[in-house]
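A closer look at the structure
So the chains spell out like this:
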Amino acid sequence: MKKRGFIASVIFLIVFLAFYFLRDNEAGGSGIYQRNEGTVFGTLYHISYEYPDDIHDQIKAELQRFDNSLSTFNKQSVISRINQNDPNVEADEWFTRVFLKGRAVSDATEGSFDMTVAPLVNAWGFGFKKSESVTPAMIDSIRTFVGFEKVKLEGKKVIKSDSRIMLDASAIAKGYACDVIGEFLATKGVRNFMVEIGGEVTARGKNKSGKCWRIGINKPIEDASASSGEIQDIISICNGGMATSGNYRNFYYKDGKRVAHTIDPRTGYPVEHTLLSATVIAPDCMTADAFATAFMVMGLEKSLAVVHNNPEIEAYFIYSADGEKNEIKMSDGFEQYLKK
């Protein structure tokens, strides 16, 4: 009996180990890394993941589903139909998650993040329409239907205090799309992946070299063509989301004055401060994306105060010290991500 029991234990151990290693090699432990790239939401994406098969077609299908929810360029999307005041449209899960996160970040940043700011962005020439001659009267008129507090979600219905209110998720949707694709990969059993869409990143596990994913922070060089790729610093991230927002690429000059694309939703005017770029690391990219946008509105000192009060996020700021020389300031916990 003892011999039979020993043999049974050995057989069980062999079967268990075989199952363990087979399961490990089925997806996340295959050792085979795929790399997909393409265009979506008017920008480029790059996705790397450890998986035995190339599932780019499935990823593209998921991105299309996301587009059908949150793209304002898609006239049939959920958010577009809400903007059109379609009485039959209902918020889906993706819209709801973005709306609630946007509200939370807006509250945490004194209204600096605002999904209703698009009409002001358009007026200044950075949105869907060409800029006109901007006047104080025009800005005051537009501000009557701008403000996150003027829209709410009741169940699956979006209630607006003014039918002209326009919701735009462009300052948070790319980050959330990274998370959505990351969630999709996780359902396939993928444990090691990096999803980058337009510079926003969600990363989990390790890269092909067995190390955390390395991501560069660009130097804020005034370059509207985005042709400059000089790196300020490199971070190393195994689990989390990263997003960067800046004023050094999207701008124009009018009457000799530089007009930045970041519009303060509380005043209606482009921001004027020394902050050039804000990089945020958070548990998910949607959160990082929204805070990075808000920080570019708030400026350096107020942003640092917000980071201090929100332990889930860390931030890295590049600012102009004297109009010529750039300086760096980061939150206390950010240094752990800098590649040594």
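A brief look at the structure comes next.

Thresholds applied
Residues numbered from 1 in each chain as written. Predicted model: local features only at pLDDT ≥ 70, side-chain atom pairs only at ≥ 80, totals over all residues. Heavy atoms only, no water. Helix = DSSP H or I, 4+ residues; strand = E, 2+ residues; numbered from the N terminus. Polar contact = N/O pair within 3.5 Å; in protein donor to acceptor, adjacent residues only side chain to side chain. Contact = heavy atoms within 4.5 Å. Core = buried A, V, L, I, M, F, W, Y, C linked by side-chain atoms within 4.5 Å. Buried < 20%, exposed > 50% of the residue type's maximum accessible area, 1.4 Å probe, protein only. Salt bridge = Lys/Arg side-chain N within 4 Å of Asp/Glu carboxyl O. Pairing = 2+ DSSP bridges. Axes fitted to C-alpha atoms, helices over the stretch in contact; angles between N-to-C directions. Phe/Tyr/Trp six-rings, centres within 6.5 Å; stacked < 30°, edge-to-face > 60°. Lys NZ or Arg CZ within 6 Å of the ring centre and 35° of its normal. Parallel < 35°, antiparallel > 145°, perpendicular 65-115°, else oblique. Left-handed = near helix turned anticlockwise from the far one by under 90°. Nonpolar A, V, L, I, M, F, W, Y, C, P; charged D, E, K, R; others polar.

Note on placement: Glu62 falls in helix H2 (residues 56–70). Polar contacts involving the side chain of Glu62 include one to the side chain of Arg65, which spans 2.8 Å. Once residues lying within four places of it in the same chain are set aside, the contact partners of Glu62 are Trp94, Val180, Ile181 and Phe184.

Now for the nonpolar core. If you look at the biggest cluster of nonpolar residues, it comprises 63 residues, and the most contacted ones within it are Phe95, Leu185 and Phe295. Element by element, the count of residues in this core is highest for helix H8 (residues 285–298), at 10 residues. Excluding residues that lie within four positions of it along the chain, Phe295 makes contacts with Leu275, Ala278, Val280, Ser303, Val306, Val307, Ile313, Ala315 and Phe317. Ranked by size, the runner-up nonpolar core spans 15 residues in total, among them Val201, Ile235, Ile281 and Ile318.

Moving on, we get to the pattern of salt bridges. Enumeration over the complete set of coordinates arrives at 10 salt bridges. Note that Glu37 and Arg35 form a salt bridge whose closest N and O atoms lie 4.0 Å from each other. Overall, the relative accessible area of 53% leaves Arg35 in the exposed class. As a salt-bridge pair, Arg97 and Glu183 come within 3.5 Å of each other at their nearest N and O atoms.

Across the sheet, 8 strands lie side by side as E1-E2-E5-E6-E9-E12-E13-E14; this open sheet has antiparallel pairing. In this open sheet, the two strands that pair with only one neighbour each are strand E1 (33–40) and strand E14 (326–330). Direction aside, the axes of adjacent strands within the sheet are offset by 10 degrees on average. Looking at chain direction, E1 and strand E2 (residues 43–50) are connected through 8 bridges and run antiparallel. Residue pairing across strands places Gln34 opposite Tyr49, the latter belonging to E2. Together, E1, E2 and strand E5 (193–197) form the strand contacts of H2, whose direction differs from that of E2 by roughly 135 degrees. Set on the sheet, H8 makes contact with strand E6 (200–204), strand E9 (239–246), strand E12 (275–282) and strand E13 (314–320); between it and E12 the angle comes to about 155 degrees.

We now examine the packing of aromatic side chains. The description of an aromatic ring pair rests on the distance of the ring centres and on the angle between the ring planes. Inspection of the entire model under this criterion finds 10 aromatic pairs. Ring centres of Phe41 and Phe66 lie 5.7 Å apart, and the angle between their planes is 50 degrees; this geometry places the pair in the tilted category. Here Phe41, found in the loop between E1 and E2, pairs with Phe66, found in helix H2; they are 25 residues apart in sequence, far enough to count as distant. The class of Phe41 is partly exposed, set by a relative accessible area of 28%. By relative accessible area, Phe66 is classed as buried at 2%. Members of the aromatic cluster, connected to one another through ring pairs, are Phe41, Phe66, Trp94 and Tyr176. Note that Arg103 overlies the ring of Phe148, its terminal NZ or CZ placed 4.6 Å from the centroid.

Bringing the packing of H8 against helix H9 (residues 300–309) into the picture now. Relative placement of two packed helices is described by the angle separating their axes and the distance separating the axes. It is the contact of H8 with H9, at a shortest axis distance of 7 Å, that shows an interaxial angle of 140 degrees. By the angle class used here, H8 and H9 are oblique. For the crossing formed where H8 meets H9, the hand is right-handed. Across from Phe291, Phe295 and Met298 in H8, the residues of H9 making contact are Leu300, Lys302, Ser303, Val306 and Val307. Split by residue class, the contact of H8 with H9 holds 6 nonpolar, 1 polar and 1 charged.

Note that Arg204 resides in strand E6. Overall, the relative accessible area of 24% leaves Arg204 in the partly exposed class. Ignoring any residue separated from it by four or fewer positions in sequence, one finds Arg204 in contact with Arg191, Asn192, Phe193, Trp213, Cys238, Asn239, Gly240 and Pro283. Of the polar contacts made by the side chain of Arg204, one reaches the side chain of Asn239; its length is 2.9 Å.

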